[in-house]
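Close look at the chain arrangement
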Amino acid sequence: MYRLFVVAALTAAPAFASAQDPQQQIDRLRGEVDALQDQLIDERAKILMDLRVNGRQLDPQIVMREAVYLTGGKLVEAKVANFFILEELKRQVESGQRRAEEFLVTEEDVMTQLAPMQQEFETKNPNVDFWEVVRSQYGLSKETFLDQRREAILFDRVFFPGSPKNWPAITKEAIKAQTQSDQGPRFLEQLEKATEGVDEQGNPKTLPEFWINMMRQFVQKGLRSWSDIRYASHGLPPDVVLRVNDLEWSTQDAFDFVKKGLYVQDLERAMQEVAVREALRQELVAKGVYVSDEEFTRRYDEYREPYDSTPFTVEVIATRFKGYPCLEAFRARWRLITSYSDLIADEINDENLQKHADARAAFFADGQVDVSVIPFLGRSVRSGGWEPDGMAKARERCEAMFARLEKKELTFDEALRNHNEFFVTDEKRGVLGMLPLNQVRQQLRESEFTQLLDGFSLAEYLFFDAEVGKTIGPLQGADAWYIARVNSRTPARRKIDVRVERERELVREDYLNHRFQEWAREVIARAKFE
């Protein structure tokens, strides 16, 4: 039915369309398609109200809340900053330090700040819709994106007004807390001196953007460490997504806010994660190993502690390297994994770990693979946004090309050379070159997070198992179908010894995750989802 609506929108042009500028027609039709996409999201959202796993109905508020974390994790974190702004703004106004009018951010302020970014984008990407890319890359509608820009301006007005000597006490305290011992006051003095006087144009001197950005991070980190921030895994009631000190964001309000920029595929993916997670939780409960809230907190705090004092915090590792949409999504998955570890505790021993290290030596010890791929994308090559029925149509194109290759109508290299279905930012254009496993994952847009939901890792298959020199396909990836060829492999550069503590921990984590993925596939296969 949705496909019919889209076809109608694209073919039933009004009588005056011929008189319109072609770009205006395209913009109008794109708007109609976006409206239909929003309508479909609203229809899909109704399923959140009656999601069942193995006959057990999930609390609709919990399902909706998880959908918020999974599709709008960055917006949840932005809401934390918004609450910080509200608290400090209220304090400054009520204390008489500043007037409320000073914090008014106009639409003109926002568009003026955005103009250089938008102009640079349009110069580098002619004929690509800026707002479509915003939606696909950030999951934000135009309205929400502008709101976020407004919040960023307001954050600076609240915490960084003018010269450093005029910054509020909380900003200065946060900066001191992030510098070494007694260096904080001296550091602030240097910042104040750097902004004394005027520049060559006679304007008041300002700090370089690099320094201001670092100060923003200092303030955010300080505010977080001094605040009571709670998410679902901290025991919040189902109708609350976030609590910061005394401020709350309700599940319904958060979902209504987040869904504005979603594609229907994003919501479906979130529902899949929620259902899969529940099936695994039920199995662990049945086995008597699902950890309690208290035990989870204890284990997680122990796990994250070594990372907290480094630039690579658990949040950085989870979101930037493991592919989780937000830290809360990682915490929920990690609770399942640590519970599962109790189920196989007796099997996590030196013998099994060494076997695992030997079997995956190329991963642990710098082995690489040279791969070439011909992708057939389910997303727009220009904006990265999902196309209607994108994956189904990508599979059809992939199968058609593979059939031609099988009939020897052309070679793999000829097909790759003539192929033009690449994202505009893709510089490799199918020739990935010699890469370690994690970089192959990145090129194919796979991650630890997606692997559980997909039930298969194309990157691992190509890295470890695919026959060298053979054209293979069709192969399904995270957002595309592929025809691939492994050109060569290099072996591990050294022997991994699990008796060495550092290497043992690396192997243990991968062994546990590998076993968890295998077990999860079995549980999911026999679960009943409605």
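Residues numbered from 1 in each chain as written. Predicted model: local features only at pLDDT ≥ 70, side-chain atom pairs only at ≥ 80, totals over all residues. Heavy atoms only, no water.

1. What about the nonpolar core?
- The biggest cluster of nonpolar side chains holds 101 residues, and the ones touching the most others in it are F159, L242 and L280.
- It is helix α3 (residues 60–94) that contributes the most residues to this core, 12 residues altogether. (Core = buried A, V, L, I, M, F, W, Y, C linked by side-chain atoms within 4.5 Å. Buried < 20%, exposed > 50% of the residue type's maximum accessible area, 1.4 Å probe, protein only. Helix = DSSP H or I, 4+ residues; strand = E, 2+ residues; numbered from the N terminus.)

2. Observations regarding the environment of E248
- Inspection of the secondary structure puts E248 in strand β5 (residues 247–250).
- Since its relative accessible area comes to 42%, E248 is described here as partly exposed.
- The spatial distance from the C-alpha of E248 to the C-alpha of S292 is 25 Å, given a sequence separation of 44 residues.
- Side chain to side chain, E248 and R243 meet in a polar contact 2.7 Å long. (Polar contact = N/O pair within 3.5 Å; in protein donor to acceptor, adjacent residues only side chain to side chain.)

3. Considerations on the pairing of strand β4 (residues 240–244)
- The buried fraction of β4 is high, at four of five residues.
- Bridge analysis of strand β3 (residues 229–230) against β4 gives two bridges, and the strand direction is antiparallel. By the bridge assignment for β4, I229 is matched with V244.
- Bridge count for β4 against β5 is four bridges, and the pairing is antiparallel. Pairing of L242 across the sheet is with W249, part of β5.
- Adjacent in sequence and paired antiparallel, β4 and β5 are bridged by two residues, among which N245 carries a positive phi angle near 55 degrees. (Pairing = 2+ DSSP bridges.)

4. Some details on the pattern of salt bridges
- The final tally for this structure, using the stated rule, is 46 salt bridges.
- With its nearest N and O atoms 2.9 Å apart, the salt bridge here joins E347 to R515. Pair noted here: E347 is in the loop between α14 (327–343) and α15 (350–359) and R515 is in helix α22 (residues 501–526), with a separation of 168 residues, a long-range link.
- Given the relative accessible area of 34%, E347 is considered partly exposed. (Salt bridge = Lys/Arg side-chain N within 4 Å of Asp/Glu carboxyl O.)

5. Comments concerning the confidence of the model for the protein chain
- Across the protein chain, the average pLDDT comes to 87, with 90% of residues at 70 or higher.
- Confidence over residues 1–19 falls short of pLDDT 50; this stretch has 18 contacts with residues more than four positions distant or in other chains. (pLDDT = per-residue confidence, 0-100. Contact = heavy atoms within 4.5 Å.)

6. Considering the sheet that holds strand β7 (residues 431–435)
- Strands sit in the order β7-β6-β9-β8 across an open sheet of four strands; the sheet is antiparallel. The open sheet has two edge strands, β7 and β8 (471–476), and neither has a second partner. Neighbour-to-neighbour, the strand axes of the sheet open up by a mean angle of 30 degrees, direction not taken into account.
- Note: strand β6 (residues 368–377) against β7, four bridges, orientation antiparallel. (Axes fitted to C-alpha atoms, helices over the stretch in contact; angles between N-to-C directions.)

7. Description of the packing of aromatic side chains
- Scanning all chains against the criterion turns up 27 aromatic pairs.
- Measuring from ring centre to ring centre gives 5.0 Å for Y303 and W334, while their planes differ by 35 degrees; the resulting arrangement is tilted. Taken together, the positions of Y303 in helix α12 (residues 293–308) and W334 in helix α14 put the pair 31 residues apart, joining distant regions of the chain.
- A connected cluster of aromatic rings, assembled from ring pairs, spans F296, Y300, Y303, Y307, Y324, F330, W334 and F449.
- Cation over ring: R331 sits above Y300, and NZ or CZ is 4.6 Å from the ring centre. (Phe/Tyr/Trp six-rings, centres within 6.5 Å; stacked < 30°, edge-to-face > 60°. Lys NZ or Arg CZ within 6 Å of the ring centre and 35° of its normal.)

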